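Below are the chains, spelled out letter by letter.
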Amino acid sequence: QQPVQSPQAVILREGEDAVINCSSSKALYSVHWYRQKHGEAPVFLMILLKGGEQKGHEKISASFNEKKQQSSLYLTASQLSYSGTYFCGTALQAAGNKLTFGGGTRVLVKP
Amino acid sequence: GAVVSQHPSWVICKSGTSVKIECRSLDFQATTMFWYRQFPKQSLMLMATSNEGSKATYEQGVEKDKFLINHASLTLSTLTVTSAHPEDSSFYICSARESGRDTEAFFGQGTRLTVV
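Residues numbered from 1 in each chain as written. Chains lettered and ligands numbered in written order. Predicted model: local features only at pLDDT ≥ 70, side-chain atom pairs only at ≥ 80, totals over all residues. Heavy atoms only, no water.

Caption draft 1: Local environment of the sheet that holds strand β8 (residues 76-81) of chain B. Residue and element names in this part refer to chain B. The strand order across the open sheet formed by four strands is β1-β3-β8-β7, and the pairing between neighbours is antiparallel. Because the sheet does not close on itself, it has two edges, and the strands there are β1 (4-7) and β7 (67-73). Geometrically, the sheet is characterised by an average inter-axis angle of 15° between neighbouring strands, direction not taken into account. Of the pairings in the sheet, the one linking strand β3 (residues 19-25) to β8 comprises six bridges and is antiparallel in character. Paired with Glu22 across the strands is Thr78, a residue of β8. (Pairing = 2+ DSSP bridges. Helix = DSSP H or I, 4+ residues; strand = E, 2+ residues; numbered from the N terminus. Axes fitted to C-alpha atoms, helices over the stretch in contact; angles between N-to-C directions.)

Structure, rendered in structure tokens:
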């Protein structure tokens, strides 16, 4: 079953923060976050494997609450390059399992 | 980092013809590859899981006779869209994860198929 992402879209001014949420109705083994620019393939941001784990990539970080079956992606001090559509992908089982993607969150960062 | 190469990046074909899309893992072995389909402004919808040396596993609602998948080696999976129709026009993306590792899924560049 597809995870649910919210919000569907967000508009930011450069330097502002945003949070994107990803919720699943099933127990998760891992959560993956990707960003996709128009007409391009998704680009990997980070993977979270353990409950409560937090990871970061520059000023983009994420958390994974295993008990709540939720993950959140934090865009801090957003840059113009952060614009794109963010997808969370969830895996129900261990290594090599397929990812099911959420509906996506479109982010637009304006100057 | 690991790279997945997908070819072609775009193709235009006539209704009724078949189109083959290739997905290669360039520097790692992938016993499993995944084929997704994406419509404009929508999410990536998993079509099937390609298993090396065995039959692919198709998601519910995906016609296996229309979307033929072959995973002949540990580095190559192909998707053939048979008897293509305009409604098959879409962005097709493959991905692969290194076998036995909890790593990210690496995506190919995607193939934009237009059926006229």
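Caption draft 2: The packing of aromatic side chains, seen in detail. All names here are of chain A. Applying the stated rule across the entire model yields eight aromatic pairs over all chains. Centre to centre, the rings of Tyr34 and Phe44 are 5.7 Å apart; their planes meet at 70°, and the pair counts as edge-to-face. Residue Tyr34 is located in strand β4 (residues 30-36), and its partner Phe44 is located in strand β5 (residues 43-48); the two are separated by ten residues in the primary sequence. Ring centres of Tyr34 and Phe101 lie 5.8 Å apart, and the angle between their planes is 65°; on these two criteria the pair is classed as edge-to-face. With Tyr34 in strand β4 and Phe101 in strand β10 (residues 100-101), this pair connects stretches of sequence that are 67 residues apart. Across this residue pair, the class does not change: Tyr34 and Phe101 are buried. (Phe/Tyr/Trp six-rings, centres within 6.5 Å; stacked < 30°, edge-to-face > 60°. Buried < 20%, exposed > 50% of the residue type's maximum accessible area, 1.4 Å probe, protein only.)

Caption draft 3: Region of interest: the state of the cysteines. The final tally for this structure, using the stated rule, is two disulfides over all chains. Put simply, Cys22(A) and Cys88(A) are joined by a disulfide, and their sulfur atoms are 2.0 Å apart. One disulfide, between Cys22(A) and Cys88(A), carries an S-S torsion of 70° and so falls in the right-handed class. Highlighted residues: Cys22(A) in strand β3 (residues 18-23) and Cys88(A) in strand β9 (residues 84-91), separated in sequence by 66 residues. Using a relative accessible area of 3% as the deciding quantity, one classes Cys22(A) as buried. Across the disulfide from Cys23(B) sits Cys94(B); the S-S distance is 2.0 Å. (Disulfide = S-S within 2.5 Å.)

Caption draft 4: Structural detail: the pattern of salt bridges. Residue and element names in this part refer to chain B. Across all of its chains, the model carries three salt bridges over all chains by this definition. One salt bridge in this structure joins Glu22 and Arg24, with 3.6 Å as the shortest N-O distance. Of the residues examined, Glu22 reaches a relative accessible area of 26% and is grouped as partly exposed. For the salt bridge of Asp88 with Lys66, the shortest nitrogen-to-oxygen distance reads 2.9 Å. Here Lys66 lies in the loop between β6 (57-58) and β7 and Asp88 lies in the loop between β8 and β9 (90-96), a separation of 22 residues in the sequence. Neither residue differs from the other here; Asp88 and Lys66 are each classed as buried. (Salt bridge = Lys/Arg side-chain N within 4 Å of Asp/Glu carboxyl O.)

Caption draft 5: Representation of the environment of Leu113(B). Residues and elements named next belong to chain B. Take Leu113: it is sitting in strand β11 (residues 111-115). Here Leu113 falls in the buried class, since its relative accessible area comes to 1%. It is 29 Å that separates the C-alpha atoms of Leu113 and Ser99, two residues lying 14 residues apart in sequence. Those residues in contact with Leu113 that sit more than four places away from it in its chain are Val11, Cys13, Val19, Val81, Asp88, Ser89, Ser90 and Tyr92. (Contact = heavy atoms within 4.5 Å.)

Caption draft 6: Summary view of the interface of chain A and chain B. Each partner contributes to the interface: chain A provides 24 residues, whereas chain B provides 25 residues. Buried surface at the junction of chain A and chain B, both sides included, amounts to about 1800 Å², of which 58% is carbon and sulfur. Linking chain A with chain B are one salt bridge, by the criterion used here. As a salt-bridge pair, Lys98(A) and Glu59(B) come within 3.0 Å of each other at their nearest N and O atoms. At the boundary of chain A with chain B, the tally comes to five residue pairs in polar contact (both at pLDDT 80 or more). Among the elements of the structure, β4, β5 and β9 of chain A are those that each provide at least two residues to the side of chain A that touches chain B. Residue contributions to the side of chain A that touches chain B peak at three residues, all from β4(A). (Buried area = accessible area lost by both parts, 1.4 Å probe. Polar contact = N/O pair within 3.5 Å; in protein donor to acceptor, adjacent residues only side chain to side chain.)

None of the figures reported here should be taken as evidence of function without further support.
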